[in-house]
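Observations on the three-dimensional arrangement
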Amino acid sequence: LACAERSKVAVFDEDLNEIWSYPCKWPYGAERMANGNYLTTCSYKQNRIIEVTPEKEVVREITVESPHSARPLDNGNVLVTATGWTEVREIDPQGKTVWKLATADQNQAKGRWLDFFEDASRLENGNTLAVESVTAPEVGHTYVVAEFNSAGKRVWEWVTNCKLVTFIQALD
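Below you will find a few notes about this structure. No experiment lies behind these values; they were computed from the predicted model shown.

**Notes on a nonpolar patch on the surface**
A contiguous nonpolar patch, built from Val 155, Trp 156 and Trp 158 and spanning about 330 Å² of accessible area, is present on the exposed surface. With respect to the helices, strands and loops of the structure, Val 155 is situated in strand 15 (residues 154-159). On the basis of relative accessible area, Val 155 is assigned to the partly exposed category, the value being 46%.

This is the structure:
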């Protein structure tokens, strides 16, 4: 649970007892990694993405202004979105951007203005599923869920009628 108003990330057992927590200013999300660690964004005045062990040791930190989402990838990299970015970035363990998804031109061609990406995740086929926060003349502010290939080409999209979409996950 990423609990923004309590400035922490927490894990609860089946009886809803808190069994682990870590202080983090304004976390937008947290995810348990395959290695048992937790990956979370700490946005408010901390501007970082951290990987934390169950013993609460920070073993990786990436500085990103206003991080929104961080998803661990099988190759050890992290897929990142941030408020103010008009792109999704894949960042390696050294903090270097190794891939970008920029869609402002694609949205402008459709008469939309891309505000930022809310969330993104990598699909099994290697494509990226993303939530774009956009402004469009026909609907005003809305969210677009879209799949992109590795070259950044839009494979398909769904212009939602949702007021807020903050998380996306492909289910089997």
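**Notes on the sheet that holds strand 12 (residues 113-122)**
Two pairing modes exist for strands in a sheet, parallel and antiparallel, and in both the strands are linked by backbone hydrogen bonds. Ordered by their spatial adjacency, 4 strands build an open sheet running 12-13-14-15, and the pairing between neighbours is antiparallel. Since the sheet does not close on itself, it has two edges, and those belong to strand 12 and strand 15, each with one partner. Averaged over all adjacent pairs, the angle separating strand axes in this sheet is 25 degrees, with direction ignored.

**Concerning the state of the cysteines**
Within the structure shown, the criterion is met by 1 disulfide. Bridging Cys 24 to Cys 42, the disulfide has an S-S length of 2.0 Å. Handedness of the Cys 24-Cys 42 disulfide follows from its S-S torsion of about -125 degrees: it is left-handed. Residue Cys 24 is found in the loop between strand 3 (18-23) and strand 4 (30-32), and its partner Cys 42 is found in strand 5 (residues 38-42); the two are separated by 18 residues along the sequence. Cys 42 carries the same exposure label as Cys 24, and that label is buried.

About the thresholds
Residues numbered from 1 in each chain as written. Predicted model: local features only at pLDDT ≥ 70, side-chain atom pairs only at ≥ 80, totals over all residues. Heavy atoms only, no water. Patch = residues over 30% accessible without salt bridge, like charges linked within 9 Å, V, L, I, M, F, W, Y side chains within 5 Å. Areas by Shrake-Rupley, 256 points an atom, 1.4 Å probe, with all protein chains shown as cover. Salt bridge = Lys/Arg side-chain N within 4 Å of Asp/Glu carboxyl O. Helix = DSSP H or I, 4+ residues; strand = E, 2+ residues; numbered from the N terminus. Buried < 20%, exposed > 50% of the residue type's maximum accessible area, 1.4 Å probe, protein only. Pairing = 2+ DSSP bridges. Axes fitted to C-alpha atoms, helices over the stretch in contact; angles between N-to-C directions. Disulfide = S-S within 2.5 Å.

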